[in-house]
Amino acid sequence: MDRRQFLHLTGIGGAAFITTPVRVFAQLSKGSPGAIVETGAGRVRGLLVDGVQTFKAIPYGASTTGARRFLPPVKVAPWTGVRDAFAIGPRSPQIPAAFVPEWQPLTGTEPMSEDCLHLNVWTPAAARGTRPVMVWLHGGGYTGGSPAALPYDGANLARRHDVVVVSITHRLNVFGFIYLAELGGERFADASNAGQKDIIAGLEWVRDNIDRFGGDPGNVTIFGQSGGAGKVSTLLGMPAARGLFHRAIAQSGSAVTGMPSGTATQNAEALMSRLGLKPGQTGELQQLPVEQVLAAMQAPGGGRGFATSPVVDGSSLPRDVFNPTATPLSAAIPLLIGSTETEVTWSVNADYTPPADSAALRARIIRSLRVDDARARTLVDSYSERRPRASLLDLALIMETDASGFRTGVDLEAERKSAAGPAPVYMYRFQWYSPVSGGRLRAMHCMDIPFAFDNVDNSQAIVGNGADRQPLADRMSRAWVNFARGGDPNHAGLPRWEPFTAERRATMMLDRECRLAHDPYRDQRLALAAATGAR
């Protein structure tokens with residue numbers, strides 16, 4: 001991608017950059033002026049939308065531009081008067097991502113700005129109360145995304161389940177995860193994991209203010225999907241986050257290990273070199289235009305670009321959260337974790353070519369899983385026997401998902417968290433196949449989000465409009481809320497959901513008919529581990 005193409009994507013062709021502070025950047029939501037709430041920094045006015053008090057772009061931190069770039073967040077300056085919290089604020093600067101076309105109409109389109117530390121609140125009543133609080137951390141890896149995607153709307157959870165929902169915007173990619181502690185001297189000694197520290201600042205805002213919006217600061221659940229699940233999992237190992245949340249939900253993501261600080265320093269040095277800077281020129285890096293910094297994330301010639309990950313820096317993140325064992329910091333935090341049946345069908349590069357026969361399927365598995373013919377034959381025979389109704393393409397996509405980090409990371413995190421105790425772990429597998437686009441998407445990465453949020457109607461682009469959607473959304477959203485309310489997802493609409501252990505591996509299979517399975521597809525799991533070294 002040349003510079004003109006890049007600027008087109010980040011300007012008129014994509015989401016524009018905002019370089020001066022403004023209050024809101026999105027089209028106003030429907031609704032009428034709602035409640036006015038006094039926060040620690042000033043008063044905000046929300047919108048009353050279909051019985052839900054909705055507040056958007058409430059600042060929890062000051063702008064991160066200029067001398068604050070890469071550094072830990074600081075509190076926003078108090079304001080006078082009443083601030084209208086009517087529309088989504090800007091997202092963190094990022095490079096536009098490639099989505100499957102069905103997800104495109106659901107994603108956020110708000111502009112980008114380094115002045116992005118704000119959050120959104122949905123509540124049944126903006127008055128002091130003790131409702132459970134559910135804090136959503138969006139996906140997009142650690143490089144992109146925002147809370148503005150339609151499936152993330154918290155109104156239905158608030159309205160139908162009597163909870164308070166919060167979503168947090170925070171810094172991403174270079175701006176949120178560059179590690180400068182070993183390059184920038186004393187001034188940059190804390191320039192590490194800024195994006196995670198932003199989330200912690202947002203959780204501190206929740207602790208200090210959410211009771212005024214009807215929520216209980218002593219009953220907070222963090223939940224997220226994909227990169228959001230990685231952020232959730234990382235928070236489980238961050239001392240500064242301790243006590244700010246009480247339960248955690250990780251959907252299709254994990255954080256077993258972080259980036260070593262030495263590797264992170266090399267990563268920063270390589271980025272600075274692409275920008276023509278020496279390792280000590282961290283102050284100059286703060287002053288470069290946003291577009292120039294983002295462009296340098298991509299290495300010339302298709303080489304390795306900027307790697308974005310939480311960094312094990314010895315202080316904000318003292319150790320790998322789940323390696324070799326689970327951190328003791330979160331031993332008392334219950335965890336609900338799981339994955340979807342065909343995570344890989346989220347990718348725009350997914351191969352949908354149907355194998356002509358078993359031999360063609362074996363050839364594909366040899367290529368995609370990098371195994372020899374004998375191991376591929378064993379896998380194909382085992383998966384075919386266990387799933388007699390699955391097409392050969394279904395089998396290929398399931399095997400490729402099972403071998404991916406989505407499945408193996410989730411499984412390993414669940415194993416190590418449950419072994420550490422005493423808090424329970426609950427595991428799920430989402431198996432509902434979407435009919436959209438002729439069924440091509442199947443149970444792709446992200447497909448479970450509209451069901452957990454009870455948002456299947458505003459997410460028809462990926463889930464369709466069939467009658468089977470809402471019953472599963474009812475079961476899943478109620479389970480998620482029950483877990484948030486008391487640490488146990490069980491309710492009358494599901495079979496008894498037992499806690500997960502590495503021995504019994506109790507897993508709730510979420511589909512048109514939900515069922516509890518013990519070590520589902522055990523033979524296939526073991527065969528895959530033997531073939532690839534995956535767990």
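Computed from a prediction, not measured in an experiment: that's the story for all the values here. (Residues numbered from 1 in each chain as written. Predicted model: local features only at pLDDT ≥ 70, side-chain atom pairs only at ≥ 80, totals over all residues. Heavy atoms only, no water.)

1. Description of the overall build of the protein chain
- Of the regular secondary structure elements, the protein chain holds 16 helices and 15 strands.
- For 535 residues, the compact-globule estimate of 2.2 N^0.38 gives 24 Å, and the protein chain sits close to it at 23 Å.
- When the backbone C-alpha atoms are referred to their principal axes, the protein chain occupies close to 65 × 55 × 45 Å.
- Looking at the protein chain as a whole, 57% of its 535 residues qualify as buried.
- Contacts in the protein chain between residues far apart in sequence, at least 24 positions, make up 74% of those at least 6 positions apart. (Helix = DSSP H or I, 4+ residues; strand = E, 2+ residues; numbered from the N terminus. Rg over C-alpha atoms; globule rule 2.2 N^0.38 Å. Buried < 20%, exposed > 50% of the residue type's maximum accessible area, 1.4 Å probe, protein only. Contact = heavy atoms within 4.5 Å.)

2. Side note on empty space enclosed by the protein
- One pass over the structure, following the stated rule, counts two cavities of 30 Å³ or more.
- The calculated volume of the largest cavity comes to roughly 200 Å³.
- Breaking the lining of the largest cavity down by element, the ones donating at least two residues are helix H12 (405-420), strand S13 (425-430) and helix H16 (522-532).
- Grouping the amino acids of the lining of the largest cavity by side-chain chemistry returns seven nonpolar, three polar and eight charged.
- In this model, the second largest cavity occupies a volume close to 40 Å³.
- For the second largest cavity, the full set of lining residues is Ile 88, Gly 89, Pro 90, Arg 91, Glu 110, His 118, Asn 120, Ser 146, Pro 147, Ala 148 and Thr 169.
- Its residues assigned to classes, the lining of the second largest cavity shows four nonpolar, five polar and two charged. (1 Å grid on protein atoms, 1.4 Å probe; cavity = no way out; pocket = protein on both sides within 12 Å on 5 of 7 lines; lining within 4 Å. Points joined across faces, edges and corners; volume = space filled by probe spheres on them. Nonpolar A, V, L, I, M, F, W, Y, C, P; charged D, E, K, R; others polar.)

3. Side note on the packing of aromatic side chains
- According to the stated counting rule, one finds 16 aromatic pairs in the structure shown.
- Residues Trp 205 and Phe 213 carry aromatic rings whose centres are separated by 5.6 Å and whose planes lie at 45 degrees to one another, so their mutual orientation is tilted.
- Residue class for Phe 213 comes out buried when judged on its relative accessible area of 0%.
- Between Tyr 426 and Phe 483, the aromatic rings sit 6.2 Å apart at their centres with planes inclined by 80 degrees, giving edge-to-face as the arrangement. Of this pair, Tyr 426 sits in strand S13 while Phe 483 sits in helix H15 (residues 469-486), and the two are 57 residues apart along the sequence.
- When its relative accessible area of 5% is taken as the criterion, Tyr 426 is described as buried.
- An aromatic cluster is built from Trp 136, Tyr 152, Phe 223 and Phe 453, whose rings are joined through pairwise contacts.
- Positioned above the aromatic ring of Trp 79, the side-chain terminus of Arg 83 is 5.2 Å from the ring centre. (Phe/Tyr/Trp six-rings, centres within 6.5 Å; stacked < 30°, edge-to-face > 60°. Lys NZ or Arg CZ within 6 Å of the ring centre and 35° of its normal.)

4. Description of H15
- Along its 18 residues, H15 runs 26 Å from first to last C-alpha, staying within 8% of the 26 Å computed at 1.5 Å per residue.
- For H15, the set of buried residues is Arg 469, Leu 472, Ala 473, Met 476, Ser 477, Ala 479, Trp 480, Val 481, Phe 483 and Ala 484.
- In the stretch just after H15, Gly 487 is the one whose phi turns positive, near 85 degrees. (Expected span 1.5 Å × (residues − 1).)

5. Thoughts on H16
- Within the span of H16, buried status applies to Gln 524, Ala 527, Leu 528 and Ala 531. Down the axis of H16, the sector holding all buried residues measures 100 degrees, keeping them to one side.
- In this structure, the buried side of H16 is in contact with helix H9 (358-369), helix H10 (373-386) and helix H11 (392-402).
- Phi turns positive one or two residues past the end of H16, at Gly 533, with a value near 85 degrees. (Arc of directions from axis to C-beta.)

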